[in-house]
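Fold and geometry: a report
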Amino acid sequence: MADHNENALHAAIKALNQVVAPSVDRSNPLAVEQLRLVSMYLEFHVQHRSHERKLAWTNLHLQARLAQEAGKLLATVLPDGSARLIAAAQAAQRQLGDTGAPATVWERMHGELGQCISEVQAEANACDESDRNALDTLVLAHAREHLELHRVWFKSFGFEGRPESLPSLEAVLAQAPDI
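The text that follows walks through the structure, step by step, so that each part is easy to find. Values in this document were obtained by computation on a predicted structure and should not be read as measured data. (Residues numbered from 1 in each chain as written. Predicted model: local features only at pLDDT ≥ 70, side-chain atom pairs only at ≥ 80, totals over all residues. Heavy atoms only, no water.)

**Some thoughts on the environment of Arg36**
Tracing the backbone shows Arg36 in helix H2 (residues 29-48). Sequence-wise, Arg36 and His61 are 25 residues apart; in three dimensions their C-alpha atoms are separated by 34 Å. (Helix = DSSP H or I, 4+ residues; strand = E, 2+ residues; numbered from the N terminus.)

Have a look at this one:
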């Protein structure tokens, strides 16, 4: 059975731009801007649709790596939190191995893992300063890669000062399997 979603999205974009846009009262800047934003959002979705599963997989993969490393780092100073992080990271790794899983499963697990990391990070506030600093350094190091992924993902919106300095979407998603 053919997938007509992309054709339907293209038709909706064309209708918005060629039929609706000329009808919008130009003296209503909010309506003009909202129409432009909706059209831009639909175009963004069409362009990125084929990469959405890889994005979800990569987000979870990056989060699982952080959780695993944070768990190892905190093993002696926060054993319960460490055990929770490592167990959650291992569960995420098992889920990442199921390349046929729906992207929503990876997205949900990404959120749960992020919550676990946040909770353990809050618990780490009771640790001594050197342990807290080590954890903060680790989190910031991982945030750089995660931030780059999302900067590249949203590059087409035009918010980047130097978009040419960013890698391609394919390059930041290269660690994901063909899914």
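The rest of the description comes next.
**A look at helix H1 (residues 5-23)**
For the α-helix, the turn length of 3.6 residues means that residues three or four positions removed from each other point alike. With 19 residues, H1 extends 26 Å between its outermost C-alpha atoms, agreeing within 8% with the 27 Å of an ideal straight helix rising 1.5 Å per residue. The principal kink in H1, of about 35°, is found at Leu16. When we look at burial in H1, the residues that qualify are Leu9, Ile13, Leu16 and Ala21. The secondary structure elements touched by the buried residues of H1 are H2. (Expected span 1.5 Å × (residues − 1). Bend = angle between axes of the 7 residues up to and from the residue. Buried < 20%, exposed > 50% of the residue type's maximum accessible area, 1.4 Å probe, protein only. Contact = heavy atoms within 4.5 Å.)

**Re helix H5 (residues 103-123)**
For H5, which comprises 21 residues, the first-to-last C-alpha distance of 30 Å matches the rise-based estimate of 30 Å (1.5 Å per residue) to within 8%. Listing the buried residues of H5 in full gives Ala103, Val105, Trp106, Met109, Leu113, Gly114, Cys116, Ile117 and Val120. End-on view of H5: buried residues confined to an arc of 165°, all on one side of the axis. Buried residues in H5 make contact with helix H3 (52-73) and helix H4 (79-97). (Arc of directions from axis to C-beta.)

**Examining the packing of aromatic side chains**
One pass over the full model with this rule turns up five aromatic pairs. Seen in terms of ring centroids, Phe154 and Phe157 are 6.1 Å apart; in terms of plane orientation they differ by 35°. Their pairing is tilted. Classification of Phe157 as partly exposed rests on a relative accessible area of 22%. Consider the rings of Phe157 and Phe159, whose centres lie 6.4 Å apart with planes at 15°: the pair is stacked. Residue class for Phe159 comes out exposed when judged on its relative accessible area of 72%. Among the aromatic residues, ring-to-ring pairing joins Phe44, Trp153, Phe154, Phe157 and Phe159 into one connected group. (Phe/Tyr/Trp six-rings, centres within 6.5 Å; stacked < 30°, edge-to-face > 60°.)

**What about the pattern of salt bridges?**
Tallied over the full model, the rule gives six salt bridges. Between Asp178 and Lys54 there is a salt bridge, with its nearest N and O atoms 3.4 Å apart. Of this pair, Asp178 sits in the segment after helix H7 (169-172) while Lys54 sits in helix H3, and the two are 124 residues apart along the sequence. Residue Asp178 is classed as exposed on the basis of its relative accessible area, which comes to 75%. Residue Lys54 is classed as buried on the basis of its relative accessible area, which comes to 18%. (Salt bridge = Lys/Arg side-chain N within 4 Å of Asp/Glu carboxyl O.)

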